[in-house]
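Each chain, written out:
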Amino acid sequence: MSITDWPADSRPREKLLRHGAVALNDAELLAIFLRVGIAGKSAVDLARDLLQHFGSLQALFQAKLDDFAHINGIGDAKYAQLQAVLEMSRRALCEELKARDTLSSPSAVRDFLKLRLRGLNHEEFHGLFLDNSHKLIAAETLFKGTLSETRVYPRELARRALELNAAALIVAHNHPSGHAEPSPADILLTSQLQHALALLDIKLLDHFIVAAHRVVSLAELGHL
């Protein structure tokens, strides 16, 4: 049965307009994004197939173009649309961080870092450079590494902070292994960065580790 033949309260688009996006399940939200299904399957059916194939929305968002190659109804155009949606989400969160004190919106910081770092198959080290009011000046990828490590150079990080006239800094990196607990090397690096930046009167506010479904704060763990 076509979605247009469903009762109005059951159609994803009408349901969203009447009750808000939070009232929809994952398949219904994805169906609105897909807009149309394929022969013999509604958009909701296709959305359910995609979620079953990838296992979750998160895995779907992290999939590469080649992962969609053999899925009927999903081509380059849909993949491009999906990436555009994700990038708009990142930019919207970035705008929020630029508009307010980052310390007053810790959930926005975590959401932003998850969108940037979760799902990568290699380690990356990112920096959020902040002004005196702790508003975001710039969010940058500073170092890239391998599956298990990233070489971070405190001198280069400090130099970039001076270039941006940053008064404070939040750093983050991911653990592709999925284990969010900080390693001894992570704790040592945090201490080194804190002391190097302090010499320049720049405060290191936090060091986050992003892994799987968790974002761990080293400041909350007492390492800052």
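Residues numbered from 1 in each chain as written. Predicted model: local features only at pLDDT ≥ 70, side-chain atom pairs only at ≥ 80, totals over all residues. Heavy atoms only, no water.

K.L.:
It is not clear to me how the side chain of Ser-217 should be interpreted in this structure. Could you clarify?
P.N.:
As for its placement among the helices and strands, Ser-217 is situated in strand E5 (residues 214-217). A polar side-chain atom of Ser-217 sits 3.3 Å from the main-chain amide nitrogen of Ala-219. Residues in contact with Ser-217, not counting those within four places in the same chain, are Arg-110, Asp-206, His-207 and Phe-208. (Helix = DSSP H or I, 4+ residues; strand = E, 2+ residues; numbered from the N terminus. Polar contact = N/O pair within 3.5 Å; in protein donor to acceptor, adjacent residues only side chain to side chain. Contact = heavy atoms within 4.5 Å.)

K.L.:
Help me understand the pairing of strand E1 (residues 124-130) in this model?
P.N.:
On a regular strand, each side chain points to the face opposite its neighbour's, so the side chains alternate between the two faces of the sheet. Counting buried positions along E1 yields seven of seven residues, so the element is predominantly enclosed. A two-sided burial pattern is seen for E1, the buried positions comprising Glu-124, His-126, Leu-128 and Leu-130 on one face and Phe-125, Gly-127 and Phe-129 on the other. Pairing analysis gives seven bridges linking E1 to strand E2 (residues 136-144), with the strands arranged antiparallel. Bridge assignment links Phe-129 to a residue of E2, and that residue is Ala-138. As consecutive antiparallel partners, E1 and E2 are separated by five residues, and within that stretch His-134 has a phi angle of approximately 65°, a positive value. Where E1 and strand E3 (residues 168-174) come together, six bridges link them in antiparallel fashion. What sits directly across from Leu-130, in E3, is Ala-168. (Buried < 20%, exposed > 50% of the residue type's maximum accessible area, 1.4 Å probe, protein only. Pairing = 2+ DSSP bridges.)

K.L.:
Just to check I follow, could you spell out the packing of aromatic side chains for this structure?
P.N.:
Both the distance between ring centres and the angle between the ring planes are used here to describe each pair of aromatic rings. Within this structure, the stated rule accounts for two aromatic pairs. An angle of 50° between the planes, with centres 6.0 Å apart, marks the rings of Phe-125 and Phe-143 as tilted. Of this pair, Phe-125 sits in strand E1 while Phe-143 sits in strand E2, and the two are 18 residues apart along the sequence. Each member of the pair, Phe-125 as well as Phe-143, is classed as buried. With 5.9 Å between their ring centres and 65° between their planes, Phe-143 and Tyr-153 make a pair best called edge-to-face. Remark: Tyr-153 occurs in the loop between E2 and helix H7 (154-163) and Phe-143 occurs in strand E2; sequence separation between them is 10 residues. Of the aromatic side chains, those joined through ring pairs into one cluster are Phe-125, Phe-143 and Tyr-153. Between Lys-78 and the ring centre of Phe-33, over which it is positioned, the NZ or CZ distance is 6.0 Å. (Phe/Tyr/Trp six-rings, centres within 6.5 Å; stacked < 30°, edge-to-face > 60°. Lys NZ or Arg CZ within 6 Å of the ring centre and 35° of its normal.)

K.L.:
Got a minute to help me understand the pattern of salt bridges in this structure?
P.N.:
As a working rule, side chains carrying opposite charge can pair if their charged atoms are close by. Across all of its chains, the model carries nine salt bridges by this definition. A salt bridge links Glu-28 to Lys-15, with the shortest nitrogen-to-oxygen separation between them at 3.2 Å. Within this pair, whereas Glu-28 is found in helix H2 (residues 26-34), its partner Lys-15 is found in helix H1 (residues 12-19), the two being separated by 13 residues in sequence. A relative accessible area of 11% means that Glu-28 is categorised as buried. Close ionic contact of Glu-87 with Arg-91 constitutes a salt bridge, the shortest N to O distance being 2.9 Å. Of this pair, Glu-87 and Arg-91 both sit in helix H5 (residues 76-99), separated by four residues, roughly a single helical turn. Residues joined by salt bridges that share partners form a network here, namely Glu-140, Arg-160 and Glu-163. (Salt bridge = Lys/Arg side-chain N within 4 Å of Asp/Glu carboxyl O.)

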